[in-house]
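# Examination of the molecular architecture
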Amino acid sequence: MQLTWSHAVLNIKDEASMLDFYTKTLGFSISDRGPIAEKGPDIIFLSQTHDEHHQLAFVTTRKAEDPPSALNHIAFRVQSFEDLQNLKTRLEAVEKDFLPLSHGNTLSLYFADPEGNGLEVFWDTPWHVSQPSGIVWDSNLDETAALAWVEATFNQDAEFALREDAQGKFVNRTP
Ligand SMILES: [Fe+2]
């Protein structure tokens, strides 16, 4: 048996602001919506890939006074450095603070949605680096400069290697 990741479901408070952010800023489409049960709250399905009906879903059940979610963050991968730059531009356009953090194996942007749920959007670097690792990077760098910075910053790491050479080595080990 192998479990592969599919989706997360968030209980939300404010449908309008959440859908606005997830569709306009992050680029999701609504793939379906409807009541969970007779007279139940709506569940709203969101995706931006062809192979998942929903990568995220929202259930409109959280009350304004409910405590913050226990969720730390949800992460999404983008396919190019340009995609990451594009996201940065979109976040800046809606004045959303973000933290550019590199795990060595990623260049990531961390930010929160309108209800404070943590999100990470990352682009894979060519390298494997031991984890946890995280250093703030300059998100104004271009792709070549950013990759040069990653290599210079993480190449002393004990596990630093090309991703394809490291693949599989960390799955069955006991830290
Ligand atoms: Fe993460």
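Here, the structure is the one placed above.
My aim in this report is to walk through the structure given alongside it, one point at a time.

Bound to the iron ion on the protein side are His73 (NE2) and Glu120 (OE), at distances that span 2.0 to 2.3 Å. Note that His73 is positioned in the loop between strand 4 (56-59) and strand 5 (74-78) and Glu120 in strand 8 (residues 118-124), a separation of 47 residues in sequence. Residue classification places His73 among the partly exposed positions, given a relative accessible area of 32%. With a relative accessible area of 6%, Glu120 lands in the buried category.

It is worth spelling out empty space enclosed by the protein at this point. Any space left empty among the atoms is revealed by the rolling of a water-sized probe across them. Inspection of the entire model under this criterion finds one cavity of 30 Å³ or more. What the largest cavity holds in volume is close to 40 Å³. Around the largest cavity, the lining residues are Phe81, Leu84, Gln85, Lys88, Leu109, Trp137 and Ser139. Considering every element that reaches the lining of the largest cavity, the biggest residue donor is helix 2 (residues 81-93), with four residues.

This part covers the packing of helix 1 (residues 15-25) against helix 2. It is the contact of helix 1 with helix 2, at a shortest axis distance of 11 Å, that shows an interaxial angle of 145 degrees. Every pair of crossing elements has a handedness; the one defined by helix 1 and helix 2 is right-handed. Counted together, Phe21, Lys24 and Thr25 of helix 1 and Leu87, Arg90 and Leu91 of helix 2 form the full contact between these two elements.

So, on to the environment of Asp83. Looking at where Asp83 falls in the secondary structure, it is placed in helix 2. Judged by its relative accessible area of 33%, Asp83 falls in the partly exposed class. With 40 residues separating them along the chain, Asp83 and Trp123 place their C-alpha atoms 8.3 Å apart.

A word on the nonpolar core. Membership of the largest hydrophobic core comes to 33 residues, with the highest contact counts inside it found for Tyr22 and Phe58. Residues lining this core come from more than one domain, with at least three contributed by each of domain 1 (1-62) and domain 2 (71-175). Here Tyr22 is in contact with Leu10, Gly27, Phe28, Leu56, Phe58, Asp113 and Leu119, once residues within four sequence places are set aside.

A word on the sheet that holds strand 5. Consider a sheet: its strands pair through backbone hydrogen bonds, and that pairing is either parallel or antiparallel. Overall, mixed pairing links the five strands, which are arranged 5-8-7-6-10 in an open sheet. Strands with a single pairing partner mark the edges of an open sheet, and in this sheet they are strand 5 and strand 10 (135-136). Relative to strand 7 (residues 106-112), strand 6 (residues 99-102) is paired through four bridges, and the arrangement is antiparallel. Opposite Ser102, over in strand 7, you have Leu107 as the bridge partner.

One ladder, built from six bridges, connects strand 2 (residues 29-35) with strand 3 (residues 42-47); its direction is antiparallel. Within strand 3, the position partnered with Arg33 by the bridge is Ile44. A loop of six residues connects strand 2 with strand 3, the two strands running antiparallel in sequence, and Lys39 in this loop sits at a positive phi of about 65 degrees.

Next up on the list: the side chain of Ser133. Considering the arrangement of structural elements, one finds Ser133 in the loop between strand 9 (127-128) and strand 10. Non-local contacts of Ser133, meaning those with residues more than four positions away in its chain, are made with Ser102, His103, Phe154 and Asp157.

Conventions adopted
Residues numbered from 1 in each chain as written. Predicted model: local features only at pLDDT ≥ 70, side-chain atom pairs only at ≥ 80, totals over all residues. Heavy atoms only, no water. Donors = N, O, S within 2.8 Å, 3.2 Å for Na, K, Ca; no water. Helix = DSSP H or I, 4+ residues; strand = E, 2+ residues; numbered from the N terminus. Buried < 20%, exposed > 50% of the residue type's maximum accessible area, 1.4 Å probe, protein only. 1 Å grid on protein atoms, 1.4 Å probe; cavity = no way out; pocket = protein on both sides within 12 Å on 5 of 7 lines; lining within 4 Å. Points joined across faces, edges and corners; volume = space filled by probe spheres on them. Axes fitted to C-alpha atoms, helices over the stretch in contact; angles between N-to-C directions. Left-handed = near helix turned anticlockwise from the far one by under 90°. Contact = heavy atoms within 4.5 Å. Core = buried A, V, L, I, M, F, W, Y, C linked by side-chain atoms within 4.5 Å. Domains from an automatic or database assignment. Pairing = 2+ DSSP bridges.

Read these as spatial facts, not as claims about activity.
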